[in-house]
Amino acid sequence: MAKSVFYVCPICGNVIRTTGEAVISCCGVTLPPVEPEPPDPEHRIRVEITEDEYYVTLAHPMRRDHFISFLAAVSDRGVQFVKLYPEENAQARFRIDRVQRLCAYCNRHGLFEVSPANA
Ligand SMILES: [Fe+2]
């Protein structure tokens with residue numbers, strides 16, 4: 001599960017997550033796996049630890065044409081996934097439970113991720 005790979009359809013916004021690489025197509029387009037990058041200042045993933053949760057926020061536009069479309073917490077057991085929409089705040093809460101990667105996907109700039117230990 002920690003090898004979770006995300007695929008995002010550029011046409012309809014569908015998000016597909018696999019536990020390894022696969023050939024995925026949506027809307028007639030073959031989707032490349034989304035390669036995560038370390039966050040740049042515009043996509044800094046802020047992580048606060050509460051009792052048993054990571055509270056994840058980004059100071060990022062949430063406009064219809066440019067927004068964080070999902071946040072995810074990946075562990076070796078599974079993925080906690082929160083879909084976001086324009087005009088909302090870019091935030092989510094995840095159980096700390098074995099999380100190894102915290103991910104944020106910007107519809108224009110792609111996937112960013114941090115290890116909670118380094119956040
Ligand atoms: Fe962005």
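Structure's up top.
Here the structure is a predicted model, which means the values were calculated and not measured.

1. Looking at the overall build of the protein
Line of reasoning, step 1. The helix and strand inventory of the protein stands at zero helices and eleven strands.
Line of reasoning, step 2. Taken from N to C terminus, the helices and strands of the protein fall in the order β-β-β-β-β-β-β-β-β-β-β.
Line of reasoning, step 3. Taken over C-alpha atoms, the radius of gyration comes to 14 Å for the protein, in line with the 14 Å a tight globule of 119 residues would show.
Line of reasoning, step 4. With respect to the principal axes defined by its C-alpha atoms, the protein has extents near 45 × 30 × 20 Å.
Line of reasoning, step 5. Counting only contacts in the protein whose residues sit at least 6 apart along the sequence, the fraction spanning at least 24 positions is 50%.
Line of reasoning, step 6. Of the accessible surface of the protein, which amounts to about 6,700 Å², a share of 47% is contributed by carbon and sulfur atoms.
Line of reasoning, step 7. Across the protein, 13 positive and 15 negative side-chain charges occur, with their mean positions spaced 2 Å apart.

2. Re the environment of Phe94
Line of reasoning, step 1. Take Phe94: it is sitting in strand E9 (residues 91-95).
Line of reasoning, step 2. Classification of Phe94 as buried rests on a relative accessible area of 1%.
Line of reasoning, step 3. Sequence-wise, Phe94 and His60 are 34 residues apart; in three dimensions their C-alpha atoms are separated by 19 Å.
Line of reasoning, step 4. The residues touching Phe94, leaving out its near neighbours within four places in the chain, are Asp52, Glu53, Tyr54, Val56, Leu71, Ala72, Ala73, Gln80, Phe81, Val82 and Leu102.

3. Regarding the pattern of salt bridges
Line of reasoning, step 1. Under the definition given, this model contains five salt bridges.
Line of reasoning, step 2. The salt bridge partner of Asp76 is Arg98, with a shortest N-O separation of 2.6 Å. Taken together, the positions of Asp76 in the loop between strand E7 (68-75) and strand E8 (79-83) and Arg98 in the loop between E9 and strand E10 (99-106) put the pair 22 residues apart, joining distant regions of the chain.
Line of reasoning, step 3. Note that Glu113 and Arg101 form a salt bridge whose closest N and O atoms lie 2.8 Å from each other. Taken as a pair, Glu113 in strand E11 (residues 110-114) and Arg101 in strand E10 lie far apart in primary sequence, twelve residues in all.
Line of reasoning, step 4. When salt bridges that share partners are traced, they join Arg63, Asp65 and Arg108 into one network.

4. Here we look at the coordination of the iron ion
Line of reasoning, step 1. In this structure, His43 (NE2), His60 (NE2), His66 (NE2), Cys106 (SG) and His109 (ND1) serve as the protein donors to the iron ion, at separations of 2.2 to 2.4 Å.
Line of reasoning, step 2. You can call His43 buried: its relative accessible area is 0%.
Line of reasoning, step 3. What makes Cys106 buried here is its relative accessible area of 0%.

Thresholds applied
Residues numbered from 1 in each chain as written. Predicted model: local features only at pLDDT ≥ 70, side-chain atom pairs only at ≥ 80, totals over all residues. Heavy atoms only, no water. Helix = DSSP H or I, 4+ residues; strand = E, 2+ residues; numbered from the N terminus. Rg over C-alpha atoms; globule rule 2.2 N^0.38 Å. Contact = heavy atoms within 4.5 Å. Areas by Shrake-Rupley, 256 points an atom, 1.4 Å probe, with all protein chains shown as cover. Lys, Arg positive; Asp, Glu negative; His and termini not counted. Charge placed at Lys NZ, Arg CZ, Asp CG, Glu CD. Buried < 20%, exposed > 50% of the residue type's maximum accessible area, 1.4 Å probe, protein only. Salt bridge = Lys/Arg side-chain N within 4 Å of Asp/Glu carboxyl O. Donors = N, O, S within 2.8 Å, 3.2 Å for Na, K, Ca; no water.

Everything listed is a geometric property; what it means functionally is a separate question.
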